[in-house]
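As a plain string of letters, each chain reads:
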Amino acid sequence: MRRTVFNEDHEAFRETLRAFIEAEVVPVYDEWFAAGQAPRDFYYKLGELGIFGINVPEEFGGAGLESHKFEAVLYEETARAGVQFGGSGVHVLLALPYIKMLATDEQKKRYLPKFVTGEEMWAIAMTEPGTGSDLAGMKSTARLSEDGTHYVLNGAKTFITGGVHADRVIVCARTAAPTAEDRRHGISLFAVDTKSEGYSVGRKLDKLGLKTSDTAELAFVDVKVPVEDLLGEENKGFYYLGHNLASERWGIAFGAYAQAKAAVRFAKQYVQERTVFGKPVAHFQNTKFELAACQAEVDAAEAVADRATEALDAGELTPAEAASAKLFCTEVAHRVIDRCLQLHGGYGYMNEYPIARLYADNRVNRIYGGTSEIMKTIIAKDMGL
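Everything numeric here is computed off the predicted structure, so don't read it as measured data. Every chain begins its residue count from 1, and numbering advances along the sequence as written. Where totals are concerned, whole chains, interfaces and linings use all residues; where local detail is concerned, this predicted model gives features only for residues with pLDDT of at least 70, and gives and counts side-chain atom pairs only at 80 or more. Note: side-chain values were computed over all heavy atoms of the structure, leaving out hydrogens and water.

**Student:** Please set out the overall build of the protein chain residue by residue, giving values where relevant.
**Tutor:** Within the protein chain, the secondary structure is distributed over 12 helices and 10 strands. Relative to a compact globule of 385 residues, whose C-alpha radius of gyration would be 21 Å, the protein chain shows 21 Å and is just as compact. In terms of overall dimensions, the protein chain has C-alpha extents of about 80 × 50 × 40 Å along its principal axes. A total of 385 residues make up the protein chain; the buried ones form 54% of that total. Think of it this way: any DSSP run of H or I at least four residues long counts as a helix, any run of E at least two long counts as a strand, and we number them from the N terminus. Atoms counted for the radius of gyration: C-alpha only. Globule rule: 2.2 Å times the number of residues to the power 0.38. Partly exposed describes any residue whose relative accessible area lies between the buried limit of under 20% and the exposed limit of over 50%, with all areas from a 1.4 Å probe on protein chains only and scaled to the type maximum.

This is how it looks when you write it as structure tokens:
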């Protein structure tokens, strides 16, 4: 079936992006992989390309578009090439919606021009050691000073993607104790300058996959955060977090589908070139059947991902629909990538082959943004169960 989700503008962007990846990323990607992160100056190149400004209003240097379809193209093209853009995905997919939704006009004037150029890279710090998916259980605190000019931030965060290179981090912290009626009450969001005294980056975490994405532990010891950097209202942070979960889960779902599609591409190319018992691996019936089954699953995931994209752009993607898309696409990607790796035989286990890296990169999709089990809980609740 012909896809209708993209138009000529999206396809023109795809051509530009594909050429950029081939010229600027593929030749040096092995170096990034070995270093465990993309270099900081790469983000300036993404800024110059316009990646960071697509959904930023024109008055702040962006293109002023209100669509996630360009992000969708980016997911497809990076997966196709077997690369990642470091920790920059968090900058756009996670941080920007909070700035657009919560920042005052004064804050937008301070934040967004540097956001667009890559001069200030953003991350978001929610998870803490020992809390995992239970965000209401966070222990980090931000106490208002006696003179009311700043908050004093203390605590620790972990699994913070983009945390090494970040110039500003949206930090979730308690400004009030939870109530007996609502343990989610009392969380606030702050746009913290990482150059602040008392702010420190701990370990750069050694992950199974997403090797070029810098993921870190963060610590805050009496960090002074100006009141001008409070995002939104005090004590309503948990509800703000919930508001943007649908777009975050859409991104994971679409990215997983794109990875599954790329896996079939890698496997098809490999089995056509690899010869065993005097024949290309592609000539064996098992190979044909496996790839045909994988293609059918990818087709289904594509339909789900595209439908979710249209709903998100229309402002109609519900939490349950986003959870369903994430659950389905990530589970499909898990099955497809595993089967495509199997078709590579022993070479599929070697990191020099993109399928091996894809296998490791994909695994986290069923964990972050809410585990598959959490997605099932959300869907079941929506069903009235």
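**Student:** An account of the pairing of strand 7 (residues 215–226) is requested, with residue identities and associated values reported.
**Tutor:** Between any two strands, pairing holds if DSSP finds at least two bridges. Direction of pairing for strand 3 (residues 150–161) relative to strand 7: antiparallel, over a ladder of nine bridges. Along strand 7, the bridge assignment pairs glycine 155 with phenylalanine 220. Note: strand 6 (residues 199–204) against strand 7, four bridges, orientation antiparallel. Each bridged residue has a counterpart across the sheet, and for tyrosine 199 the counterpart in strand 7 is phenylalanine 220.

**Student:** Account for the environment of valine 116, naming residues and giving values.
**Tutor:** When you line up the elements, valine 116 lands in helix 6 (residues 105–117). Residue valine 116 is classed as buried on the basis of its relative accessible area of 8%. C-alpha of valine 116 to C-alpha of isoleucine 99: the two residues are 17 residues apart in sequence and 12 Å apart in space. Two residues form a contact once any of their heavy atoms are found within 4.5 Å. Setting aside residues no more than four positions away along its own chain, valine 116 makes contact with Gly47, Phe52, Gly53, Val56, Phe60, Gly61 and Gly62.

**Student:** Describe the packing of aromatic side chains, listing the residues and the values that go with them.
**Tutor:** Pairing of aromatic rings covers Phe, Tyr and Trp, the last through its six-membered ring, and needs centres within 6.5 Å; plane angles under 30 degrees mean stacked, over 60 mean edge-to-face, and all others mean tilted. By the definition in use, this model includes 17 aromatic pairs. Relative to tyrosine 353, the ring of tyrosine 347 lies with its centre 5.6 Å away and its plane at 50°, an arrangement referred to as tilted. Taking relative accessible area as the criterion, tyrosine 353 reaches 24% and is therefore assigned partly exposed. Within the aromatic cluster, the residues linked to one another by ring pairs are Phe20, Tyr29, Trp32, Phe42, Tyr43 and Phe85. Cation placement over rings: the criterion is NZ of Lys or CZ of Arg within 6 Å of the ring centroid and within 35° of the ring normal. Sitting over the face of the ring of phenylalanine 6, arginine 14 holds its NZ or CZ atom 5.3 Å from the ring centroid. Stacked on the ring of tyrosine 44, the Lys or Arg arginine 40 has its end atom at 4.8 Å from the ring centre.

**Student:** Just give me the short version of the pattern of salt bridges, but keep the residues and values in it.
**Tutor:** For this document, the term salt bridge refers to a Lys or Arg side-chain nitrogen within 4 Å of an Asp or Glu carboxyl oxygen. Following the criterion strictly, the structure yields 27 salt bridges and no others. Its salt-bridge partner being lysine 211, residue aspartate 206 comes within 2.9 Å of it at the nearest N-O pair. Given the relative accessible area of 23%, lysine 211 is considered partly exposed. Taken together, the shared-partner salt bridges connect Arg3, Glu11, Arg14, Arg18, Glu76, Glu77, Lys261, Glu302 and Asp306 into one network.

**Student:** With reference to specific residues and values, describe a nonpolar patch on the surface.
**Tutor:** Exposure above 30% relative accessible area and no salt bridge define the residues that can form patches, which grow by joining like charges within 9 Å and nonpolar side chains of Val, Leu, Ile, Met, Phe, Trp and Tyr within 5 Å. Here the Shrake-Rupley method, with its probe set to 1.4 Å, supplies the accessible areas, and only the displayed protein chains count as covering residues. A cluster of nonpolar side chains, Tyr347, Tyr349 and Met350, forms an exposed patch at the surface whose accessible area comes to about 360 Å². One can find tyrosine 349 in the loop between helix 10 (319–343) and helix 11 (354–362). With relative accessibility at 70%, the residue tyrosine 349 sits in the exposed group.

**Student:** Help me get a handle on the pairing of strand 4 (residues 168–174), residues and values and all.
**Tutor:** A large share of strand 4 lies buried, amounting to seven of its seven residues. Here strand 4 shows a buried face lined by Arg168, Ile170, Cys172 and Arg174 and a second buried face lined by Val169, Val171 and Ala173. When strand 4 meets strand 5 (residues 187–193), the two strands line up antiparallel, connected through seven bridges. Counterpart to valine 171 in the pairing with strand 5 is phenylalanine 190.

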